[in-house]
Amino acid sequence: MNATTKFALAIGAGAAVLLARRVLWRGAPYSFRGKSVLITGGSRGLGLVLARELAAEGAQLTLVARDAAELDRARAELAAEGAAVQGFAADVREEAQARSAVERAVERYGSIDVLVNNAGVIQAGPVEHMQLADFEDAMATHMWGALYTMRAALPHMRAQGGGRIVNISSIGGKVAVPHLVPYTTSKFVLAGLSDGMRAELAKDNIAVTTVFPGLMRTGSHFNALFKGQHSKEFTWFSLLDALPISSVSAESAARQIAEAARQGRPQLVISIQAKALALLAQQLPGLSAGALKLMNRLLPAPTGAAGDQSKPGRASQSALAPSLLTSLADRAAAENNGLGAREAGA
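Residues numbered from 1 in each chain as written. Predicted model: local features only at pLDDT ≥ 70, side-chain atom pairs only at ≥ 80, totals over all residues. Heavy atoms only, no water.

Trainee: Describe the overall build of the protein, listing the residues and the values that go with them.
Mentor: Helix and strand content of the protein: eleven helices and twelve strands. Looking at the 346 residues of the protein, the share that counts as buried comes to 52%. When the accessible surface of the protein is totalled, it reaches about 15200 Å², and 59% of it is carbon and sulfur. (Helix = DSSP H or I, 4+ residues; strand = E, 2+ residues; numbered from the N terminus. Buried < 20%, exposed > 50% of the residue type's maximum accessible area, 1.4 Å probe, protein only. Areas by Shrake-Rupley, 256 points an atom, 1.4 Å probe, with all protein chains shown as cover.)

Trainee: How would you sum up the sheet that holds strand E12 (residues 311-312)? Please name residues and give values.
Mentor: Ordered by their spatial adjacency, three strands build an open sheet running E5-E9-E12, and the pairing between neighbours is mixed. In this open sheet, the two strands that pair with only one neighbour each are strand E5 (123-124) and E12. Looking at chain direction, E5 and strand E9 (residues 225-226) are connected through two bridges and run parallel. Counted as the bridge partner of Gln 123 is Leu 225 from E9. (Pairing = 2+ DSSP bridges.)

Trainee: Mind laying out the nonpolar core, listing which residues take part and the relevant values?
Mentor: Core analysis: the largest hydrophobic core is formed by 36 residues, its most contacted members being Leu 54, Leu 61, Leu 63, Leu 78 and Ile 257. If you list the elements that add at least two residues to this core, you get strand E1 (36-40), helix H2 (45-55), strand E2 (60-65), helix H3 (68-80), strand E4 (114-117), strand E6 (163-168), helix H8 (250-263) and strand E11 (267-270). If we skip the residues at most four places from it in the chain, Leu 61 touches Val 37, Ile 39, Ala 51, Leu 54, Ala 55, Leu 78, Ala 84, Val 85, Gln 86 and Tyr 109. (Core = buried A, V, L, I, M, F, W, Y, C linked by side-chain atoms within 4.5 Å. Contact = heavy atoms within 4.5 Å.)

Trainee: Describe the packing of aromatic side chains, naming the residues involved and giving the relevant values.
Mentor: Summed over all chains, the structure comprises six aromatic pairs. With centroids separated by 5.6 Å and ring planes inclined at 85°, the aromatic side chains of Phe 226 and Phe 234 adopt a geometry described as edge-to-face. For the pair formed by Phe 226 and Phe 234, the shared burial category is buried. Considering the side-chain rings of Trp 236 and Phe 237, the 5.9 Å spacing of their centres and the 70° angle between planes classify their relative orientation as edge-to-face. A single burial state applies to Trp 236 and to Phe 237, both of which are buried. (Phe/Tyr/Trp six-rings, centres within 6.5 Å; stacked < 30°, edge-to-face > 60°.)

Trainee: How would you summarise helix H7 (residues 230-242) if you had to cite specific residues and measurements?
Mentor: The end-to-end C-alpha distance of H7, which contains 13 residues, comes to 18 Å, matching closely the 18 Å that a straight helix rising 1.5 Å per residue would cover. Most of H7 is tucked away: ten of the 13 residues are buried. Within the span of H7, buried status applies to His 230, Glu 233, Phe 234, Thr 235, Trp 236, Phe 237, Ser 238, Leu 239, Asp 241 and Ala 242. Looking at the buried positions of H7, the neighbouring elements they touch are E5, strand E8 (216-217), E9, helix H10 (285-298), E12 and helix H11 (327-335). (Expected span 1.5 Å × (residues − 1).)

Trainee: Summarise the pattern of salt bridges; cite the residues concerned and give the values.
Mentor: Tallying each qualifying case throughout the model produces ten salt bridges. Between Glu 259 and Arg 262 there is a salt bridge, with the nearest N and O atoms lying 3.0 Å from each other. Taken as a pair, Glu 259 and Arg 262 lie in helix H8 at a separation of three residues, close to a single helical turn. Given the relative accessible area of 18%, Arg 262 is considered buried. Residues participating in the shared-partner salt-bridge network are Glu 57, Glu 259 and Arg 262. (Salt bridge = Lys/Arg side-chain N within 4 Å of Asp/Glu carboxyl O.)

Trainee: Outline the sheet that holds strand E7 (residues 206-213), supporting the account with residue identities and numerical values.
Mentor: Read from one edge of the open sheet, seven strands run E3-E2-E1-E4-E6-E7-E11, paired in parallel fashion. Where the open sheet ends on each side, the last strands, each with one partner, are strand E3 (84-89) and E11. Strand-to-strand twist across the sheet, computed as the mean angle between neighbouring axes with direction ignored, equals 15°. In this sheet, E3 lies alongside E2 in parallel orientation, the contact comprising six bridges. From the neighbouring strand, Ala 65 faces E3, where its bridge partner is Ala 89. (Axes fitted to C-alpha atoms, helices over the stretch in contact; angles between N-to-C directions.)

Trainee: Break down the environment of Glu 259 for me, citing the residues and quoting the values.
Mentor: Since its relative accessible area comes to 32%, Glu 259 is described here as partly exposed. It is 9.5 Å that separates the C-alpha atoms of Glu 259 and Tyr 30, two residues lying 229 residues apart in sequence.

Trainee: Go over the packing of helix H9 (residues 272-283) against H10, please, and point to the residues and values.
Mentor: Orientation of H9 relative to H10, taken along the N-to-C sense of each, is 120°, at an axis distance of 5 Å. With respect to H10, the element H9 is oriented oblique. Residues Leu 280, Ala 281, Gln 282 and Gln 283 of H9 pack against Pro 285, Leu 287 and Ser 288 of H10. Each residue belonging to the contact of H9 with H10 can be placed in one class, and the counts come to four nonpolar, three polar and no charged. (Parallel < 35°, antiparallel > 145°, perpendicular 65-115°, else oblique. Nonpolar A, V, L, I, M, F, W, Y, C, P; charged D, E, K, R; others polar.)

Pasting the structure below:
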């Protein structure tokens with residue numbers, strides 16, 4: 001049997017397994033009721049909105065984030081609605097802390113059934129102002145943090161016969177967007193890690209879903225970090241993040257993520273705009289490259305040494321942001337625990 005035949009048989013066997021699983025799932029749909037769900041970056045933004053979605057389905061929640069005060073607010077809100085929820089302050093960039101977070105979920109609920117790697121940082125600005133530390137921070141959060149939590153959760157999932165893992169990448173993990181180079185680099189790596197884990201964990205009945213959201217109105221713009229011409233960078237980012245023509249609501253994204261996790265889907269791309277951008281990059285790479293070059297020319301130019309300083313969005317405001325044009329995203333920040341926080345969230 002030659003290598004081509006072996007490859008074809010492997011593809012056919014994989015398709016048969018997927019078909020069989022779909023049939024089984026139709027008969028017994030996955031339920032989050034009573035499931036132990038750990039969400040990193042769960043104190044605000046998309047993580048908090050997803051926690052609300054899963055709490056409504058009866059999930060038992062462990063929210064993990066670096067800011068203890070933020071966690072307390074998120075936990076109190078969910079508990080007031082009757083959710084089974086605990087908060088655990090931890091930095092998943094540190095392996096020991098990521099492991100402790102998983103152990104806390106198992107200690108409280110007896111298992112960890114679903115792991116959502118949502119913790120994130122966003123650094124926006126020209127690559128001329130990005131330092132190695134910016135790349136290291138993005139990689140530590142998006143790749144190492146996700147790997148640490150997965151490695152900590154896997155022994156428990158294997159012992160209990162399966163589980164679900166959801167890794168929140170970004171459309172920036174499919175298409176490298178200008179002025180977000182550390183972010184997109186780390187999201188590409190997370191996508192590769194997630195794909196590799198999916199293939200190898202299927203034998204353990206562990207489904208891995210990689211999520212590629214486009215722009216979402218989560219309220220993250222106030223906590224994203226900006227370099228270069230800070231106010232101008234914050235303005236373009238906030239406008240795109242807020243306008244309905246370019247973004248979707250966090251609630252819509254959370255519903256889609258929950259459904260994809262329930263089905264054990266391998267991938268989810270959120271928003272028509274993101275799907276179109278990914279398709280363009282795949283099918284017409286030359287045109288896509290030209291469009292991204294044009295976009296870079298339209299974005300704020302690099303500036304002097306002051307542009308090397310990183311400032312959060314709340315310290316980079318302008319006449320247009322916040323304004324009526326960004327009101328939807330500004331409202332999301334207020335509703336999703338995103339005002340005055342220190343980290344960016346996915």
